[in-house]
Amino acid sequence: MSGDGQEKTRKVPVRERIELWSAVLLAAATVATAYSAYQATRWGGVQATSFTEGSGARTESAKAESDGFTLVAIDADIFTQYAVAYSQGNERLLRILRTRFFRKEFKRAYRAWLRQHPLTNPKAVKLPFQLPEYKVAKLEEADRLSDKANGLLEEGREANQTSDDYVLATIFFAAVLFFGGLSTKFSTDRIAIGALGFGTLMFLAGLARLATLPFH
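To keep things clear, this report deals only with the structure shown in the data block. Since this is a predicted model, take the numbers as computed values, not measurements. (Residues numbered from 1 in each chain as written. Predicted model: local features only at pLDDT ≥ 70, side-chain atom pairs only at ≥ 80, totals over all residues. Heavy atoms only, no water.)

## Brief notes about the layout of surface pockets
To find leftover empty space, a probe the size of one water molecule is rolled over the atoms.
Here comes step 1: Looking at the largest pocket, its volume works out to about 230 Å³.
Here comes step 2: Lining the largest pocket are F79, Y82, A83, Y86, Y110, W113, L114, P118 and L119.
Here comes step 3: Those elements that provide at least two residues to the lining of the largest pocket are helix 1 (3-88) and helix 3 (104-114).
Here comes step 4: Ranked by the residues each element gives to the lining of the largest pocket, the list is headed by helix 1, at four residues. (1 Å grid on protein atoms, 1.4 Å probe; cavity = no way out; pocket = protein on both sides within 12 Å on 5 of 7 lines; lining within 4 Å. Points joined across faces, edges and corners; volume = space filled by probe spheres on them. Helix = DSSP H or I, 4+ residues; strand = E, 2+ residues; numbered from the N terminus.)

Here you go:
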């Protein structure tokens, strides 16, 4: 057998291995690209949902806070009238204000304030609003909704970052597809192997990146 024939026989298996390597790499990169794109879309949906719910909770929090401050203003106004009636000795008005206009939340603080004997005890707080017993449910609701909104918005930001990370992973796999497809176009085995080697490294880097990301 001539030298040319022997060289041809030796090179055929290498080319076949290159083509097989390329086909496997392209198939794996295609699956990984599809998975990354799917996850990026899913996390984009999580982001949109979290931002929408967070904005809604923020709006509800603002409304509850406004209602709560309105109730505080009402309590303060009625207590002012009560103080005026007390200074005038108007027992009838005092009774009406206590029984009909003192809200349940304010009554609790008012009774705790009276137990301190504010008229004779210099250590007593000046107003019942300063006591921990004075709690407005609407303001507490506003705080809860604000915390919920903050949590949802942070969740949305994290989902957005995760979506971006998956998009970045698709760039790795796009490079794999490019070099894997390009490798079969080279007539020189050494160059083809170099392209496939670089594509394989990019593929492994992309897989390592995916391994660090949450999935949905």
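Having seen the structure, we can now continue with the description.
## Remarks on the pattern of salt bridges
Here comes step 1: The full count for this structure, using the stated rule, is six salt bridges.
Here comes step 2: A salt bridge links D75 to R103; the shortest N-O distance between them is 2.8 Å. A residue pair is termed long-range when its members are at least 10 positions apart, and D75 in helix 1 and R103 in the loop between helix 2 (91-101) and helix 3 qualify at 28 residues.
Here comes step 3: Classification of D75 by relative accessible area gives buried; the value is 2%.
Here comes step 4: A salt bridge links E154 to R157, with the nearest nitrogen and oxygen atoms 3.1 Å apart. Of the two residues, E154 and R157 are both situated in helix 4 (residues 137-183); the distance of three residues between them amounts to about one turn of the helix.
Here comes step 5: Taken together, the shared-partner salt bridges connect D75, R103 and E105 into one network. (Salt bridge = Lys/Arg side-chain N within 4 Å of Asp/Glu carboxyl O. Buried < 20%, exposed > 50% of the residue type's maximum accessible area, 1.4 Å probe, protein only.)

## Regarding the environment of W21
Here comes step 1: With respect to the helices, strands and loops of the structure, W21 is situated in helix 1.
Here comes step 2: Classification of W21 by relative accessible area gives partly exposed; the value is 33%.
Here comes step 3: Put simply, W21 and L196 are 175 residues apart on the chain and 7.7 Å apart in space, counted from C-alpha to C-alpha.

## Overview of the nonpolar core
Here comes step 1: L25, W43, Y166, F173, V176, F203 and L210 are the most contacted members of the largest nonpolar core, which has 19 residues in total.
Here comes step 2: When residues of this core are traced back to their parent elements, those giving at least two are helix 1, helix 4 and helix 5 (189-211).
Here comes step 3: Tallying contributions element by element places helix 1 first for this core, with seven residues.
Here comes step 4: Contacts of Y166, omitting those with residues within four sequence positions, involve Y35, S36, Q39, A40, W43, L210, L213, P214 and F215.
Here comes step 5: Formed by 15 residues, the second largest nonpolar core is a distinct cluster that contains F79, A85, Y110 and V136. (Core = buried A, V, L, I, M, F, W, Y, C linked by side-chain atoms within 4.5 Å. Contact = heavy atoms within 4.5 Å.)

## Re a negative patch on the surface
Here comes step 1: A grouping of E65, E140, D143 and D147 is seen on the molecular surface, where their side chains present a negatively charged patch.
Here comes step 2: Tracing the backbone shows D143 in helix 4. (Patch = residues over 30% accessible without salt bridge, like charges linked within 9 Å, V, L, I, M, F, W, Y side chains within 5 Å. Areas by Shrake-Rupley, 256 points an atom, 1.4 Å probe, with all protein chains shown as cover. Lys, Arg positive; Asp, Glu negative; His and termini not counted. Charge placed at Lys NZ, Arg CZ, Asp CG, Glu CD.)

## Considerations on the side chain of R103
Here comes step 1: Within the structure, the side chain of R103 is placed 2.8 Å from the side chain of D75, a separation counted as a polar contact.
Here comes step 2: For R103, the contacting residues outside a window of four places in its chain are L71, D75, Y134 and V136. (Polar contact = N/O pair within 3.5 Å; in protein donor to acceptor, adjacent residues only side chain to side chain.)

## Focus: the packing of aromatic side chains
Here comes step 1: Inspection of the entire model under this criterion finds 16 aromatic pairs.
Here comes step 2: In this structure an aromatic cluster arises from ring pairing among F79, Y82, F102, F106, Y110, W113, F129 and Y134. (Phe/Tyr/Trp six-rings, centres within 6.5 Å; stacked < 30°, edge-to-face > 60°.)

## Details of helix 3
Here comes step 1: Of the positions making up helix 3, those classed as buried are E105, F106, A109, Y110, A112 and W113. Buried residues along helix 3 cover an arc of 165° about the axis, so they all sit on one side. In helix 3, those exposed residues whose orientation departs by more than 90 degrees from the buried face are K104 and R111. (Arc of directions from axis to C-beta.)

## Focus: the environment of V24
Here comes step 1: Along the chain, V24 falls in helix 1.
Here comes step 2: Classification of V24 by relative accessible area gives exposed; the value is 52%.
Here comes step 3: Sequence spacing of V24 and G180 is 156 residues, and the spatial spacing of their C-alpha atoms is 9.2 Å.

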